Amino acid sequence: MRALTWHGKHDVRMDTVPDPRLVNPRDAIIRITSTAICGSDLHLYDSYIPSMHRGDILGHEFMGEVVETGLKSTLQKGQRVVVPFVIACGKCFFCEKEQFSACDNSNPAEKADLSEVAYGYAMSGLFGYSHMTGGYAGGQAEYVRVPYSDVGPIVIPDGLEDEKVLFLSDILPTGWMAAENCEIEPGDTVAVWGCGPVGLFSIQSAFLMGAHRVIAIDHYPHRLELAKSMGAEIVNYHDVKVREALTEMTGGIGPDAVIDAVGMESHGFTIDNVLDAVTTTKLGTDRTHVLREVIMACRKGGRVSIPGVYGGMGDKIPIGALMQKGLQVRTGQTHVQRYLRPLLEMIGEGRIDTTFLISHRLPLEQAPEGYKMFKEQQNEVTKVVLKPEWQKDAA
Amino acid sequence: MSSENVERALQSDAPLTAAVHQRDVAKEAADTQGWNAAAVAGRSVTVNRPRAELYAFWRDFRNLAAFMENVESVTSRDEGTAHWVVRAPAGQTVEWDSVITEDVPAQVIAWESVEGADIKNSGRIEFRDAAPGRGAVVTAIIVYEPPGGDFGKLIAKLFQKEPKIQARRELRRFKQLMETGEISTSQAPDAAPRG
């Protein structure tokens, strides 16, 4: 089959690789119909994530048709499914608590050592996201093997086209959980750093959860326009000083909850980023400019939600502000499986629409160009969806 | 393991950690067994299943090859004994017979190799209840005599490089198998080509 493979920094290619096969009883094989490039794929593209091997198949936002099922899979051939990027066994202590992204079993034993060393305890398996999270082949391909297929994939009813449901795989539940982690109360103002897909979906989710106001922070005019169209007030950090603007806009109190939807690759030539550049060892120190700012900006006793991806160490975290203001921090990879059913329902009822995000549609064969565009034109390119079926036309 | 500090460590609230961090535990083990040297690996894991079920699976030694990476087979000729065939580097295998030295249903299984083993070793697996509703804690302690000679060096590469890593991987696989019914893998045939 054809698949998008990683070969190094800013080097991804379409390769012909062996088709996936069933290995374990609970496996299923999915023929991909739509797959997307995620903002967190850019962390791989930029080589910020350790333990990537040449030839790894990327992609963790995908959906398609079930074509093969293992003996203990509950899926049936022909069903259309969206697959969560988090692989979860459904049986361990964590899965029973619905903390699916903490699954104790989905990361293969010999791969789990890495994250045990890096984080203290082994992380769950993820699709297409380095060997630290299992080394599983991803879904930017024609086919993918889905382990524990009786737990993750959600069956999509006929009549809901791919583009309406594809983002259930990651960014929609991620934005939703980011807002949920804000524990929004009536009257609350939520400030969101980063108007990429997760940031935009967290804005949408925050309003659905009853936020009084949402303030969106970014520097890309088009992305800020999208945020505005969803009802958010906007702050362009190229034009104004963010913390002063937030203090002004919130009458001196500060936002009740803050969301860092940026993560480890924050932009900007600020003093603290220079500091990081000096102290950064390869793969060691994450750029934490946004994390510092959200902690400083949050009101006393407020909530800090971090859906943005971090992988290593943080330098100069304002721990004093965090403690003295009594902030609550909630973060983590998304427990996707927990949110699939309610979010699918809301999509079906028309309460959530995610299709506005898609700016570009390409044949899978042009995935490398998709990565380049997404990386270099972040203002215009908000989401790239890849279609393997269009391949023959492209070839 | 008889010296005073080892005893104290074993009486502590974290006996495994305390014991494996005691420098002379390996020497103690070697002295006790009458070996030249000993390597010790210990690890505990929580498994979301009743301990009686975990004990029963482990008690049938033939099952061990299902989750122990290097174990080719364990066969049982008669009650209480087992014959182990373990893969070694360069396509070789090492073998030994073991005999059960302690067996308390749903609580503990211990065994040691008998005379003539390619690698002298002993093992002890304890099963106890975790907090109510949270399954069981399985604790494994493996002690073995690193073999000498050139072949021994090869074996050492396999077993001694990081016995703790080996132990934790085996116990992870055991947990996966007991909880999910399968062992998680991203290996071929589905893995990406390397090159």
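Criteria and thresholds
Residues numbered from 1 in each chain as written. Chains lettered and ligands numbered in written order. Predicted model: local features only at pLDDT ≥ 70, side-chain atom pairs only at ≥ 80, totals over all residues. Helix = DSSP H or I, 4+ residues; strand = E, 2+ residues; numbered from the N terminus. Buried ≥ 20, exposed ≤ 12 C-beta atoms within 10 Å, placed from the backbone. Contact = placed C-beta atoms within 7 Å. Nonpolar A, V, L, I, M, F, W, Y, C, P; charged D, E, K, R; others polar. pLDDT = per-residue confidence, 0-100. Pairing = 2+ DSSP bridges. Axes fitted to C-alpha atoms, helices over the stretch in contact; angles between N-to-C directions. Parallel < 35°, antiparallel > 145°, perpendicular 65-115°, else oblique. Arc of directions from axis to C-beta. Left-handed = near helix turned anticlockwise from the far one by under 90°.

Caption draft 1: Seen up close, the overall build of chain B. For chain B, the count of helices and strands is six helices and seven strands. Going residue by residue from the N terminus, the α and β elements of chain B occur as α-α-α-β-α-β-β-β-β-β-β-α-α. Counting across all 195 residues of chain B, residues that qualify as buried make up 33%. A separation threshold of at least 6 residues defines the contact pool for chain B, and within that pool the share at least 24 residues apart is 44%.

Caption draft 2: Summary view of the interface of chain B and chain A. Between chain B and chain A, the residue contacts involve 23 residues of the former and 34 residues of the latter. Among the elements that line the side of chain B that touches chain A, the one with the most residues is helix α6 (residues 163–180) of chain B, at eight residues. For the side of chain B that touches chain A, the class distribution of residues is five nonpolar, nine polar and nine charged.

Caption draft 3: Region of the structure containing the environment of Glu293(A). Residues and elements named next belong to chain A. Position of Glu 293 relative to the elements: it lies in helix α10 (residues 289–297). When the C-alpha positions of Glu 293 and Gln 366 are compared, they lie 37 Å apart, and in sequence the two are 73 residues distant. Once residues lying within four places of it in the same chain are set aside, the contact partners of Glu 293 are Trp 193, Val 242 and Arg 243.

Caption draft 4: The arrangement of the confidence of the model for chain B in detail. This prediction gives chain B a mean pLDDT of 83; 78% of its residues lie at or above 70. For the stretch residues 190–195 of chain B, pLDDT sits under 50, and the model shows 21 contacts to residues farther than four places along the chain or on other chains.

Caption draft 5: Expanded view of the environment of Val138(B). Residues and elements named next belong to chain B. Tracing the backbone through its elements, the reader meets Val 138 in strand β7 (residues 136–144). A residue is classified by how many C-beta atoms lie within 10 Å of it, and Val 138, with 24 of them, is buried. In this structure, the C-alpha to C-alpha distance between Val 138 and Val 108, residues 30 residues apart in sequence, is 9.4 Å.

Caption draft 6: Spatial organisation of the sheet that holds strand β2 (residues 11–16) of chain A. Residue and element names in this part refer to chain A. Taken together, the three strands give an open sheet; going across it, the order is β2-β1-β4, and neighbouring strands pair in antiparallel fashion. For this open sheet the edge positions go to β2 and β4 (56–57), each flanked by a neighbour on one side alone. Pairing of strand β1 (residues 2–8) with β2, which is carried by six bridges, proceeds in the antiparallel orientation. The residue bridging Ala 3 from the neighbouring strand is Asp 15, located in β2. The sheet strands contacting helix α13 (residues 367–376) are β1 and β2, and the helix crosses β2 at an angle near 165°.

Caption draft 7: View of the packing of helix α5 (residues 171–180) of chain A against helix α12 (residues 336–348) of chain A. Residues and elements named next belong to chain A. Where α5 contacts α12, the axes come no closer than 9 Å and their chain directions differ by 100°. With respect to each other, α5 and α12 are oriented roughly perpendicular. On the side of α5, the interface is formed by Leu 172, Pro 173, Trp 176 and Met 177, while α12 contributes Val 336, Tyr 339 and Leu 343. Residues belonging to the contact of α5 with α12 are distributed by class as follows: seven nonpolar, no polar and no charged.

Caption draft 8: Representation of helix α4 (residues 51–59) of chain B within the structure. Of the positions making up α4(B), those classed as buried are Arg51(B), Leu54(B) and Tyr55(B). Seen end-on, α4(B) carries its buried residues on one side only, within an arc spanning 100°.

Caption draft 9: Just the environment of Asp103(B), in detail. Residue and element names in this part refer to chain B. Along the chain, Asp 103 turns up in strand β4 (residues 93–104). Using a count of 13 C-beta atoms within 10 Å as the deciding quantity, one classes Asp 103 as partly exposed. Each C-alpha atom of the pair Asp 103 and Arg 51 lies 14 Å from the other, and the pair is 52 residues apart in sequence.

Caption draft 10: Broad picture of helix α7 (residues 221–229) of chain A. All names here are of chain A. Where α7 is concerned, the buried positions are Arg 223, Leu 226 and Ala 227. Buried residues of α7 fall within an arc of 100° about the axis and therefore sit on the same side. Residues of α7 that are exposed and point over 90 degrees away from its buried face: Pro 221 and Ser 229. The positive-phi residue at the C-terminal boundary of α7 is Gly 231, with phi of around 105°.

Caption draft 11: Spatial organisation of the packing of helix α8 (residues 242–249) of chain A against α10(A). All names here are of chain A. Where α8 contacts α10, the two axes come as close as 10 Å, and the packing angle between them is 30°. The orientation of α8 with respect to α10, classified from their angle, is roughly parallel. Crossing angle aside, the handedness with which α8 passes α10 is right-handed. Residues Val 242, Arg 243 and Leu 246 of α8 pack against Glu 293, Met 296 and Ala 297 of α10. Looking at side-chain class alone, the contact of α8 with α10 contains four nonpolar, no polar and two charged residues.

Caption draft 12: How the structure looks around the sheet that holds strand β1 (residues 39–47) of chain B. Residue and element names in this part refer to chain B. The seven strands are arranged β1-β7-β6-β5-β4-β3-β2 in an open sheet whose pairing can be described as antiparallel. Taken across any chain shown, the strands that pair with only one partner, and hence form the sheet edges, are β1 and β2 (71–75). Across the sheet, the axes of successive neighbouring strands diverge by a mean angle of 20°, strand direction being ignored. By the bridge criterion, five bridges tie strand β5 (residues 108–113) to strand β6 (residues 121–129) in an arrangement that is antiparallel. The partner of Ala 110 across the bridge, within β6, is Arg 124. Set on the sheet, α4 makes contact with β1, β5, β6 and β7; between it and β6 the angle comes to about 160°.

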